[in-house]
Amino acid sequence: MNRLAVLILLCGLTVAPPAQAHYGPPFPILVDKPVGPYIASVWADPNIGTGTYYVVLDAPKGHRMPVKTTVRIGVQPVTKRLPEVFYAAEPQPVSEGARFYTQVQFDRGEMWRTHVVIGGSEGGGELSTDVEATPAGILGPLGSLVYALPFLAVGFLWLKATLRRRTPRQQAA
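Residues numbered from 1 in each chain as written. Predicted model: local features only at pLDDT ≥ 70, side-chain atom pairs only at ≥ 80, totals over all residues. Heavy atoms only, no water.

A. Inspection of the confidence of the model for the chain at higher detail. When pLDDT is averaged across the chain, the result is 84; 78% of the residues are at 70 or more. In the model, residues 16-22 has pLDDT below 50 throughout and makes 3 contacts with residues more than four positions away in sequence or in other chains. (pLDDT = per-residue confidence, 0-100. Contact = heavy atoms within 4.5 Å.)

B. Region of interest: the nonpolar core. In this structure, Tyr53, Leu57 and Val71 are the most contacted members of the largest nonpolar core, which totals 24 residues. Contributing elements (two or more residues each) for this core: β1 (27-35), β2 (38-45), β3 (49-58), β4 (69-77), β6 (98-106), β7 (111-120) and β8 (125-132). (Core = buried A, V, L, I, M, F, W, Y, C linked by side-chain atoms within 4.5 Å. Buried < 20%, exposed > 50% of the residue type's maximum accessible area, 1.4 Å probe, protein only. Helix = DSSP H or I, 4+ residues; strand = E, 2+ residues; numbered from the N terminus.)

C. Highlighting the sheet that holds β6. Pairing in this open sheet of 8 strands is antiparallel, and the strands run β1-β2-β3-β6-β5-β4-β7-β8 from one edge to the other. Looking at the sheet topology across the chains shown, the edges are occupied by β1 and β8. Across this sheet, the average inter-strand angle for adjacent strands is 25 degrees, counted without regard to direction. Pairing analysis gives 6 bridges linking β1 to β2, with the strands arranged antiparallel. Residue Phe27 lies in a different strand from β2, and its bridge partner there is Ala44. (Pairing = 2+ DSSP bridges. Axes fitted to C-alpha atoms, helices over the stretch in contact; angles between N-to-C directions.)

D. Spotlight on the pairing of β3. Here 7 bridges tie β2 to β3, and the two strands are oriented antiparallel to one another. Bridged to Val42 within β3 is Val55. As paired strands, β3 and β6 are joined by 9 bridges and run antiparallel to one another. Across the sheet, Thr52 pairs through a bridge with Gln103, a residue of β6.

Structural data, given as structure tokens:
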């Protein structure tokens, strides 16, 4: 009976639908940089295809946030094989400061220059840095198998111990 259950379980695992790639969280590429009347942090998840950027703005201590603020993100390969393309970042509701979000297009995995342009009623400024566009879900199915091996090994040892423990009891009876 147990062998039949194990066989059914193994058959079910082999016909499971493929999992979708996991997009990781954004990571900081610039943190607490003064830009005009702002303190800016830029977070990015530069996946090949569609990448995402978040720009978080705060006012310096003792100051208030400017009323009207705009953020644009420009991206260009470091090799300059393509012209710089700007994307308008949309404001998102937050309790303090300001946060802006946009999606950008990366056509291949390489280093990209990120150019952040911040404007507001009290001035603005620019920041730039480089990021590497990487594929989403880098490891794919083979990586999933590699990460699953320790769990499969523990399951195999557990099953082997369970079957070995039952055999002496059945012979004694």
